[in-house]
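Structural characterization, general
The primary structure of each chain is shown beneath.
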Amino acid sequence: FGVRSLVRLRFSVLNQRPHGRHARRRLPSPPAIRQSGSFSPPRISNTRNMTPLRLSLLVNVALVALACYFVSFHRQQELGSGLAQRGVGTRLGLGRASALMHALSKRSVKVQDAIMGTHGDSPDGLETVKLTHPSGSEATIYKWGATATSYKDASGTEWLAVRPDAKFDGSKAISGGIPHCFPQFGPGELPQHGFARDSFWTLEKAEGSRAVFTLTDSEKTRSVWDYPFKATYTVELTEDAMKTRLEVANTGDKAFDFTGALHSYFDVSNIKNVQICGPFKGQEILDRMSSPPAKIQADSDAITITTETDQVVEGIVGSVKIEDSGKGKRLLIKSTEGWKDTVLWNPYGNENMGYEKFVCVEAAAASEPVKVQPGNVWVADMDLVPAAL
């Protein structure tokens, strides 16, 4: 574009002094800038008949036009790469055009590296985050409830289920995936399963294979549970797993307690092909389908679903597996910290809920409340690790 020539001309002209009749010679009409979408620098002719000051002014105009073109050009590039969605503005001084282009180039590379984690709008109107990993695994999480609704391993096998009666319009919690039960599990003084699953969480970070969401106390939460808190939920894909971490911080000046769970819906080929395996034999199980709820004793390490099921296996967590002969795979539900119980749920026989295609195996803190002192943080991990049978 002749930028170097224009800059050299500008400084050479500024070093000259007007003299003789050239000091009063009229400046010719400035050349036009083409409107065809491409930019051609103005031609400067007969510079001997211009005063150095006027010539310098003309060169400055040409440089400003060049700067505007470069800003416009990079603005189009950043819109194409989704940079505008990240809120990067373009109202910067034209005098910093060169620095702007360099910074935008660096920023574009950074966003391209994270583009797989950039959030977008779902067809149903709720915002989602899609994570991918170089291995081929991927996950989708809604900001509504910070609910993961899909996890596909590197082979493309789907491990999360969404019920056919699920709503995606924000009118209720998403029935499927991994909703949050917090700060109450099940029925009680608060609404069923608390408020975390039907609240908008803030997306703090989304880069490639990792996303971080937060939920803090608000007028809505304090109206039913009057405690300051901050919940942080991290979802990360690795080569062979989807890892989750929930942190609950007490940001107030008095202790609080809660119960909770990750109400995980797992995709199965058919409920008849599935058994849930763990160190269950001899353990007491709270059968919540009984009226009133009653404790029974497990007689096997493998549990099958043949009737409507709602059970809490107290103190068993961290080594529970779903074995699906139809898929020819198993899923290890691995909890190493925080969660203390395992909840099993399936609305057996309910066609509207699609009972045949999922089973809920939930990492939970359901049997005993968790107490968090002021300034302390409770942490719970749950990893999903697929493997062949």
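Rules of the game
- Residues numbered from 1 in each chain as written.
- Predicted model: local features only at pLDDT ≥ 70, side-chain atom pairs only at ≥ 80, totals over all residues.
- Heavy atoms only, no water.
- Helix = DSSP H or I, 4+ residues; strand = E, 2+ residues; numbered from the N terminus.
- Contact = heavy atoms within 4.5 Å.
- Areas by Shrake-Rupley, 256 points an atom, 1.4 Å probe, with all protein chains shown as cover.
- Phe/Tyr/Trp six-rings, centres within 6.5 Å; stacked < 30°, edge-to-face > 60°.
- Lys NZ or Arg CZ within 6 Å of the ring centre and 35° of its normal.
- Buried < 20%, exposed > 50% of the residue type's maximum accessible area, 1.4 Å probe, protein only.
- Salt bridge = Lys/Arg side-chain N within 4 Å of Asp/Glu carboxyl O.
- Disulfide = S-S within 2.5 Å.
- Pairing = 2+ DSSP bridges.
- pLDDT = per-residue confidence, 0-100.

The next subject is the overall build of the protein. The helix and strand inventory of the protein stands at four helices and 21 strands. For the protein, long-range pairs separated by at least 24 residues make up 64% of all intrachain contacts whose partners lie at least 6 apart in sequence. Summed over its atoms, the accessible surface of the protein is roughly 20,000 Å², and 48% of this surface lies on carbon and sulfur atoms.

Quick look at the packing of aromatic side chains now. Each aromatic ring pair is summarised here by two numbers: the centre-to-centre distance and the angle between the ring planes. A complete count under the given rule lists 20 aromatic pairs for this structure. Joined through ring pairs, the aromatic side chains of Phe 182, Phe 195, Trp 225, Tyr 227, Phe 229, Phe 256, Phe 258, Trp 339 and Trp 378 make up one cluster. The ring of Trp 159 has Lys 327 lying over it, and the distance from NZ or CZ to the ring centre is 4.3 Å.

Following the sequence through the fold, Thr 149 ends up in strand S4 (residues 147-152). Given the relative accessible area of 11%, Thr 149 is considered buried. Beyond its immediate sequence surroundings of up to four residues, Thr 149 is in contact with Thr 140, Tyr 142, Leu 160, Val 162, Phe 168, Ile 174 and Gly 177.

Evaluation of the coordinates by the stated rule reveals 14 salt bridges. Note that Glu 127 is salt-bridged to Lys 143, the shortest N-O span being 2.9 Å. Pair noted here: Glu 127 is in strand S2 (residues 127-132) and Lys 143 is in the loop between strand S3 (138-142) and S4, with a separation of 16 residues, a long-range link. Ionic contacts of the salt-bridge type, sharing partners, join the residues Arg 245, Glu 337 and Asp 381 into one network.

Taken as a whole and judged by the stated rule, the model has zero disulfides. The closest cysteine sulfur to the non-disulfide-bonded Cys 181 is located on Cys 360, 9.3 Å from its own sulfur. On the basis of relative accessible area, Cys 181 is assigned to the buried category, the value being 3%.

This part covers the side chain of Thr 234. Along the polypeptide, Thr 234 turns up in strand S8 (residues 229-237). Setting aside its immediate chain neighbours within four residues, Thr 234 contacts Arg 210, Ala 211, Val 212, Lys 243, Thr 244 and Arg 245.

Turning next to the sheet that holds S8. Pairing in this open sheet of nine strands is antiparallel, and the strands run S6-S7-S8-S9-S21-S18-S17-S12-S15 from one edge to the other. Where the open sheet ends on each side, the last strands, each with one partner, are strand S6 (202-207) and strand S15 (302-303).

Once that is clear, we can look at the pairing of strand S7 (residues 210-216). For S7, the tally of buried residues reaches five of seven residues, placing the bulk of the element in the interior. Taken together, the five bridges between S6 and S7 define a ladder with antiparallel strand orientation. Bridging from a neighbouring strand, Glu 207 pairs with Arg 210 of S7. Following S6, the chain reverses through two residues before pairing antiparallel with S7; Gly 208 in that reversal takes a positive phi of roughly 65°. Pairing of S7 with S8, which is carried by seven bridges, proceeds in the antiparallel orientation. Bridge pairing in S8 links Phe 213 to Tyr 233.

Moving on to the confidence of the model for the protein. When pLDDT is averaged along the protein, the result is 80; 68% of the residues meet or exceed 70. Contacts of residues 9-50 to residues separated by more than four positions or lying in other chains number 49 contacts, the stretch itself having pLDDT below 50. Confidence drops under pLDDT 50 across residues 78-119; counting only partners more than four residues distant or on other chains, this segment forms 51 contacts.

We now examine the pairing of strand S9 (residues 242-250). Pairing of S8 with S9 involves nine bridges; the strand directions are antiparallel. Paired with Phe 229 across the two strands is Asn 250, which belongs to S9. Between S8 and S9, which pair antiparallel one after the other, the connecting turn spans four residues. For S9 and strand S21 (residues 377-388), the ladder comprises eight bridges, and the chain directions are antiparallel. Bridging across to S21, Val 248 finds its partner in Trp 378.

A cis amide bond links Phe 182 to the next residue, Pro 183, at an omega of 0°. Position of Pro 183 among the secondary structure elements: in the loop between strand S5 (180-181) and S6. Put simply, Ser 291 and Pro 292 share a cis peptide bond, and its omega is 0°. Look at Ala 146: it is not a glycine, yet its phi comes out positive at around 45°. Following the sequence through the fold, Ala 146 ends up in the loop between S3 and S4.

With that settled, consider the environment of Asp 240. Assignment of secondary structure puts Asp 240 in the loop between S8 and S9. Between the C-alpha atoms of Asp 240 and Val 385, which are 145 residues apart in sequence, the distance is 6.3 Å. The residues touching Asp 240, leaving out its near neighbours within four places in the chain, are Tyr 151, Leu 384, Val 385 and Pro 386.

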